[in-house]
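# Chain and residue survey
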Number of protein chains: 2
Amino acid sequence: MRDFSRDTSALALNTATLGHNLDGHGAGWSPEQVIDACAERGFGGIVFWRREIGTRAVQIGELVRAAGMQVVGLCRTPYLTGREAGSDAEVTASIDMAAALGAPVLTIVTGGTEPGSKGLEDSRKRLAERIAQHLDHARACNVKLAMEPLNPMFGGNRTCLFAARDALGVCEMIGDAQVGLAVDVYHVWWDTTLPETLARAPGRILGYHLCDWLENTSHMLLDRGMMGDGVADLKAIRAAVEAAGYAGPCEVEIFSAADWWQRPPDEVLDTIVDRFQSVC
Amino acid sequence: MRDFSRDTSALALNTATLGHNLDGHGAGWSPEQVIDACAERGFGGIVFWRREIGTRAVQIGELVRAAGMQVVGLCRTPYLTGREAGSDAEVTASIDMAAALGAPVLTIVTGGTEPGSKGLEDSRKRLAERIAQHLDHARACNVKLAMEPLNPMFGGNRTCLFAARDALGVCEMIGDAQVGLAVDVYHVWWDTTLPETLARAPGRILGYHLCDWLENTSHMLLDRGMMGDGVADLKAIRAAVEAAGYAGPCEVEIFSAADWWQRPPDEVLDTIVDRFQSVC
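Residues numbered from 1 in each chain as written. Chains lettered and ligands numbered in written order. Predicted model: local features only at pLDDT ≥ 70, side-chain atom pairs only at ≥ 80, totals over all residues.

## What about the overall build of chain A?
- Along chain A, the regular secondary structure elements total 11 helices and eight strands.
- Along the first, second and third principal axes, the C-alpha set of chain A runs to 45 × 40 × 35 Å.
- Counting only residues that meet the buried cut, chain A has 57% of its 280 residues in that class.
- Within chain A, contacts between residues at least 6 apart in sequence are counted, and of these 77% link residues at least 24 apart. (Helix = DSSP H or I, 4+ residues; strand = E, 2+ residues; numbered from the N terminus. Buried ≥ 20, exposed ≤ 12 C-beta atoms within 10 Å, placed from the backbone. Contact = placed C-beta atoms within 7 Å.)

Written out as structure tokens, the structure is:
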């Protein structure tokens, strides 16, 4: 297991942690300010959201690399299943944006259950079909697609994948190395079968997301905890991820409307570095 | 698989479905009114909550049986783990109340993670220890203890069991036939490994709870759906439960503050009977 106590090169910031800097929440920092603040603190990379990038993908990617960091990923495709599924053109556009940024990974939050269906089988088949249609383009763009299973509370309208094993099952249906999964502490901390699932997934893990599960979670979406403030066994989860061969970035993604999004971004970033070195 | 299309003898009402009749929500029906209304419609049984029973356990049990039904269960022990864990005396009192009612099953919602712990191992060990301490008394009272795993959104302060496999694991730690698990659609519908887990649990299933998972669930606790209105594959889940040997009551438990709790209880009960015979 990697030792992060004096090394932040694997630390990445998901910009949502600062309240989605460009959408009017939180700090209102520009991408340039985020890049400078992360570079100063020795972050290894940044993950952006599409809404923050607009038409500046190439420029922002260059700024990140000029600051000595990597664009680690882009959030995310439109939903691929369910009532709010996006179009193929929108999927292609998200892949193109990741490529223009130089992001090696594009995250997929699948979307909900297919209209009129019961259970999950139909939705997962549809998911596999839709992803498969975009793999050649993703491959040509050097962009891998990472399905992120979500905590089961997000079933119905946000996801049809609730555990790493579900995402791995869809990977196996597709059978292509261009697709894998992202492991997010918030979504998987409760799953004590995670190590055995990930042991079956060598090479499939495309991302590892850090935060914590607060003992008294007050909001499904927007009350994630800072690493160390919750009940997740962060070191055990990372051990399972790394035992499965993952040696990539650790991306801090904390949606926290009432707490961390209310604090000065510099304080948030300083805390992240401290916690990354001490409890992750 | 049992055919319920013309048979409601396996149908049971969890009184929470009427807004907890005695606590000021919803209808304000007395236990007597609930008993009469269920008996008229051919329900086979009722599940009560401790707060509704007070000192009338023996009397209420007799009323239910005089109306041709069974007391199917009692909700529930105090929490056994976590910051809000109840005392041993309170556990004993809940077992005594179940015995006085003539309820063969007492439900356990475990409580949250043990203070100061990370992950779930410590909490589950503590849970097994606490349950084991009460088994002789439960046996003497003819009351079985049913651990109910909850949807992972309830991690932290309500439960340390998130899937049937977790509850089965604690059963195996305890190793006593007096303890088993309750399977609730709301909590397990997303778990496509449920059939294989339950196949390892013959005799361990002590209850089956019906409701539905709404596509757009708006509240973690209080927005459960009526059977047929959501995305759960109810027949597939019951098939898995029955394939594991369960032939007991199907208990309708719908917490629905904004919808079903606002409707007249007669309408709720009529709808339950209709849906039980058509979609469950």
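## Some remarks on the packing of helix H5 (residues 121–133) of chain A against helix H7 (residues 164–174) of chain A
All names here are of chain A.
- At a closest axis distance of 9 Å, the pairing of H5 and H7 adopts a crossing angle of 55°. With respect to H7, the axis of H5 lies oblique. Crossing of H5 over H7 shows right-handed handedness. Here Arg124, Leu127, Ala128, Ile131 and Ala132 of H5 lie close against H7, whose contacting residues are Val170, Met173 and Ile174.
- Considered class by class, the residues forming the contact of H5 with H7 number seven nonpolar, no polar and one charged. (Axes fitted to C-alpha atoms, helices over the stretch in contact; angles between N-to-C directions. Parallel < 35°, antiparallel > 145°, perpendicular 65-115°, else oblique. Left-handed = near helix turned anticlockwise from the far one by under 90°. Nonpolar A, V, L, I, M, F, W, Y, C, P; charged D, E, K, R; others polar.)

## A short note on the environment of Gly68 of chain B
- With respect to the element layout, Gly68 of chain B can be found in the loop between helix H3 (57–66) and strand S3 (70–75).
- Residues Gly68 of chain B and Met153 of chain B lie 85 residues apart in sequence; the distance between their C-alpha atoms is 38 Å.

## Notes on the environment of Arg83 of chain A
Residue and element names in this part refer to chain A.
- Looking at where Arg83 falls in the secondary structure, it is placed in the loop between strand S3 (70–75) and helix H4 (88–101).
- For Arg83, a count of 15 C-beta atoms within 10 Å puts it in the partly exposed group.
- Taking C-alpha positions, Arg83 is 7.5 Å from Asn157, a pair spaced 74 residues apart along the chain.
- Beyond its immediate chain neighbours, meaning those up to four positions away, Arg83 contacts Gly112 and Pro115.

## Structural notes on the relation of the copies chain A and chain B
- It takes a turn of 180° to lay chain A on chain B, together with a shift of 0.0 Å along the axis; the resulting RMSD is 0.0 Å. Taken together, the rotation and translation relating the two chain copies correspond to the operation of a two-fold axis. Across chain A, the smallest distance between a C-alpha and the rotation axis is recorded for Met153 of chain A, namely 2.7 Å.
- Looking at the interface residues of chain A, 100% of them are also at the interface in chain B, so both copies use one shared face. (Least-squares fit on C-alpha atoms with pLDDT ≥ 70 in both.)

## Things to note about the sheet that holds strand S2 (residues 45–49) of chain A
Residues and elements named next belong to chain A.
- Taking strand neighbours around the barrel as the criterion, the eight strands line up as S1-S2-S3-S4-S5-S6-S7-S8 in a closed arrangement whose pairing is parallel. Adjacent strand axes in the sheet meet at a mean angle of 30° when their direction is disregarded.
- The sheet contact formed by strand S4 (residues 105–108) and strand S5 (residues 144–147) spans four bridges and is parallel. Residue Ile108 lies in a different strand from S5, and its bridge partner there is Met147. (Pairing = 2+ DSSP bridges.)

## A word on the confidence of the model for chain A
- On average, chain A scores 96 in pLDDT, and the residues at 70 or more come to 97%.
- Across residues 22–26 of chain A, where pLDDT falls below 50, the model places 11 contacts with residues more than four positions away in sequence or in other chains. (pLDDT = per-residue confidence, 0-100.)

## Some thoughts on the environment of Ala128 of chain A
Residue and element names in this part refer to chain A.
- For Ala128, the location among the structural elements is in helix H5.
- Looking at Ala128, the number of C-beta atoms within 10 Å reads 21, which means it is buried.
- It is 6.1 Å that separates the C-alpha atoms of Ala128 and Val170, two residues lying 42 residues apart in sequence.
- Excluding anything up to four places from it in sequence, Ala128 contacts Val170, Met173 and Ile174.

## Notes on the sheet that holds S3 of chain B
- Around the barrel, eight strands lie side by side as S1-S2-S3-S4-S5-S6-S7-S8 (chain B); this closed barrel has parallel pairing. Strand after strand, the sheet turns through a mean of 30° between neighbouring axes, direction not considered.

## Section: the pairing of S3 of chain A
Residue and element names in this part refer to chain A.
- Where burial is concerned, most of S3 is hidden: six out of the six residues are buried.
- Judged from the five bridges that link them, S2 and S3 form a sheet pairing that is parallel. Across the sheet, Val47 pairs through a bridge with Gly73, a residue of S3.
- In this sheet, S4 lies alongside S3 in parallel orientation, the contact comprising two bridges. Its bridge partner being in S4, Cys75 is matched across the sheet by Thr107.
- With H4 bridging S3 and the parallel S4, this β-α-β connection has right-handed handedness. (Right-handed = clockwise from strand over helix to strand, strands pointing away.)

## Remarks on the packing of H3 of chain B against helix H4 (residues 88–101) of chain B
Residues and elements named next belong to chain B.
- Following both chains from N to C, one finds H3 and H4 inclined at 40°, their axes separated by 7 Å at the closest point. Contacts between H3 and H4 involve Ala57, Val58, Ile60 and Gly61 on the former and, on the latter, Met97, Ala100 and Leu101.
- Looking at the contact of H3 with H4 residue by residue, the class counts come to six nonpolar, one polar and no charged.

## Some remarks on unusual backbone geometry
- Between Cys75 of chain A and the following residue, Arg76 of chain A, the backbone shows a cis peptide bond with an omega angle of -10°.
- When you line up the elements, Arg76 of chain A lands in the loop between S3 and H4.
- The phi dihedral of Asn142 of chain B falls on the positive side, at around 60°, and the residue is not glycine.
- With respect to the helices and strands, the residue Asn142 of chain B is situated in the loop between helix H6 (135–140) and strand S5 (144–147).

## Some details on the pairing of strand S6 (residues 179–184) of chain A
All names here are of chain A.
- Where burial is concerned, most of S6 is hidden: six out of the six residues are buried.
- Once the chain exits S5 it traverses H7 before rejoining the sheet at S6, and the crossover so formed is right-handed.
- Across four bridges, S6 lies against strand S7 (residues 205–210) in parallel orientation. Looking at S7, one finds that Ala182 is bridged to Gly207.

## Some words on H4 of chain B
Residues and elements named next belong to chain B.
- End to end, H4 covers 20 Å across 14 residues, agreeing with the expected 20 Å (1.5 Å per residue, within 8%).
- For H4, the complete set of buried residues consists of Val91, Ser94, Ile95, Met97, Ala98, Ala99 and Leu101.
- Against strand S2 (45–49), helix H2 (50–53), H3, S3, strand S4 (105–108) and H6 lie the buried residues of H4.
- Within two residues after H4, Gly102 carries a phi angle of roughly 80°, on the positive side. (Expected span 1.5 Å × (residues − 1).)

## Looking at the nonpolar core
- Membership of the largest hydrophobic core comes to 189 residues, with the highest contact counts inside it found for Ile46 and Leu181 of chain A together with Ile46 and Leu181 of chain B.
- Not counting the four nearest positions on each side in its chain, Ile46 of chain A is found in contact with Ala12, Leu13, Thr15, Val34, Ile35, Cys38, Val64, Met69, Val71 and Val72 of chain A. (Core = buried A, V, L, I, M, F, W, Y, C linked by C-beta atoms within 7 Å.)

## Overview of H3 of chain B
Residues and elements named next belong to chain B.
- Of the residues making up H3, those classed as buried are Ala57, Ile60, Gly61 and Val64. The arc that holds every buried residue of H3, seen down its axis, measures 100°, which confines them to one face.
- Tucked into the core, H3 has its buried residues touching helix H1 (31–40), S2, H2, S3 and H4.
- Immediately downstream of H3, the backbone of Gly68 shows phi near 85°, a positive value. (Arc of directions from axis to C-beta.)

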